[in-house]
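Each chain is listed here by its residues.
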Amino acid sequence: MTLNPATQSVFSDHRSPARGGTTRWKSGAGPAVLPLPAASSTPKVSLKDISLTYKGNNGSRLLALDSINLQVKTGEFLCIVGPSGCGKSTLLHLIAGLQQPSHGHVLVDDKLVDGPGTDRILIFQELGLFPWLTVAQNVEFGMKMNHVPKPERQEKIRYYLRLVHLSQFQNNYIHQLSGGMRQRVALARALATEPDVLLMDEPFAALDAQTRDLLHDELERIWAETGRTIIFVTHNVREAVRLGDRVAVFTFRPGRVKREYDIDLPRPRHLEDVTVAKSAREILDDLREEINRSLEAEYGFEVRP
Ligand SMILES: Nc1ncnc2c1ncn2[C@@H]1O[C@H](COP(=O)(O)OP(=O)(O)OP(=O)(O)O)[C@@H](O)[C@H]1O
Ligand SMILES: [Mg+2]
């Protein structure tokens, strides 16, 4: 296997003829045949030699990310997995422009990122929905901040609530929704600002298995329909294989790209697919080494394989 920066396709025996063509789905392979916003070869996001050092309270320094080089194509779905504390959230913050790297550059469309922008949006696990606003008002919020005119806002609220199947709940308050519905409101709110790049930080980690399965289907459908570029952080390797065009495995601190896997399995995929499980197992073996390193560092004892 080739280490970073070379991307390696280890699952090419499952390569979908639909890849790079005009459909995301193999015809007849699932319930829907959706148009593909064909992935362009121009990088949407480029991370060039990124390092980030945090300063601790007592003057100590912690190298969180080290020499990260990654390119994400327009319309690509990249998943990132890595042990806890390896810098995944930090990396999303850098791409969102909420933090600056200590070294290196983040480029979006070949332009240097030096702060937040409407072309990128970060969705956290905590969601950050406003409990005093209705579903529709939550979806409207980002558009208001971006000074989108009212008639256009109304149209987009309708469109995006329909896309996430929440039209009937537009006048509900957040506490009147289930966890999965809240997650869909957060997704609609993010999509309504029409960012090119969606940065998702473990968005489904707190959900039950059934709701998560449904949201996987919906996210995949929305991604195919809207052509957004998605960078998705998860601890769940199967989820990464279920959703991603590519999975990047990060090392334990400092976070580096250990290996990248192209996932060429046909879509739509399901978590329980044998091919998904097989691919996930291979990636998990790789990740386990890093998780063991992190456990050794945290607990100071040797973890047996
Ligand atoms: N504001 C901060 N100041 C100092 N250190 C920080 C800060 N934020 C994060 N860190 C440290 O940087 C490292 C990476 O943190 P980060 O939150 O990016 O990890 P992560 O991969 O997202 O972890 P998890 O999977 O647990 O969410 C950790 O060791 C963390 O303690
Ligand atoms: Mg995190």
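Relevant structure appears above.
Residues numbered from 1 in each chain as written. Chains lettered and ligands numbered in written order. Predicted model: local features only at pLDDT ≥ 70, side-chain atom pairs only at ≥ 80, totals over all residues.

What is the right way to look at helix 4 (residues 179–192) in this model?
Helical periodicity: at 3.6 residues per turn, an α-helix aligns residues three or four positions apart in one direction. Spanning 14 residues, helix 4 covers 20 Å between terminal C-alpha atoms, matching the ideal 20 Å at 1.5 Å per step. Here helix 4 lies mainly inside the structure; eleven of its 14 residues are buried. Among all positions in helix 4, only Arg 182, Gln 183, Arg 184, Val 185, Ala 186, Leu 187, Ala 188, Arg 189, Ala 190, Leu 191 and Ala 192 are buried. Structurally, helix 4 contributes buried residues whose contacts are with strand 6 (120–123), helix 2 (135–145), helix 3 (150–163), strand 7 (197–201) and helix 5 (209–226). Looking one or two places after helix 4, you find Glu 194, whose phi comes out positive at around 50°. (Helix = DSSP H or I, 4+ residues; strand = E, 2+ residues; numbered from the N terminus. Expected span 1.5 Å × (residues − 1). Buried ≥ 20, exposed ≤ 12 C-beta atoms within 10 Å, placed from the backbone. Contact = placed C-beta atoms within 7 Å.)

Before we go on, may I ask you to explain the pairing of strand 6 in this structure?
Each regular strand carries side chains that alternate between the two faces of the sheet. What you see with strand 6 is no split at all: Arg 120 and Leu 122 on one side and Ile 121 and Ile 123 on the other are buried throughout. Direction of pairing for strand 6 relative to strand 7: parallel, over a ladder of four bridges. Bridge pairing links Arg 120 to Val 197 in strand 7. (Pairing = 2+ DSSP bridges.)

Any chance you could explain the nonpolar core here in plain terms?
Taken as a class, soluble globular proteins show a tendency for nonpolar side chains to be buried jointly. Judged by nonpolar contacts, the single largest core of 73 residues is most densely connected at Ile 95, Ile 123, Val 139, Ala 188, Leu 199, Ile 231 and Val 247. At seven residues, helix 4 tops the list of elements feeding residues into this core. Contact partners of Ile 123, with chain neighbours within four places excluded, come to Ala 186, Leu 187, Ala 190, Leu 198, Leu 199, Met 200, Asp 201 and Pro 203. (Core = buried A, V, L, I, M, F, W, Y, C linked by C-beta atoms within 7 Å.)

Just checking my understanding: could you explain the sheet that holds strand 1 (residues 43–55) for this structure?
Hydrogen bonding along the main chain pairs the strands of a sheet, whether they run parallel or antiparallel. Spatial ordering of the open sheet is given by 2-1-4-5, a layout of four strands whose pairing is antiparallel. Edge strands, defined here as strands with exactly one partner in the open sheet, are strand 2 (61–73) and strand 5 (111–112). Examined bridge by bridge, strand 4 (residues 103–108) and strand 5 share two bridges and lie antiparallel to one another. Residue pairing across strands places Leu 107 opposite Leu 112, the latter belonging to strand 5.

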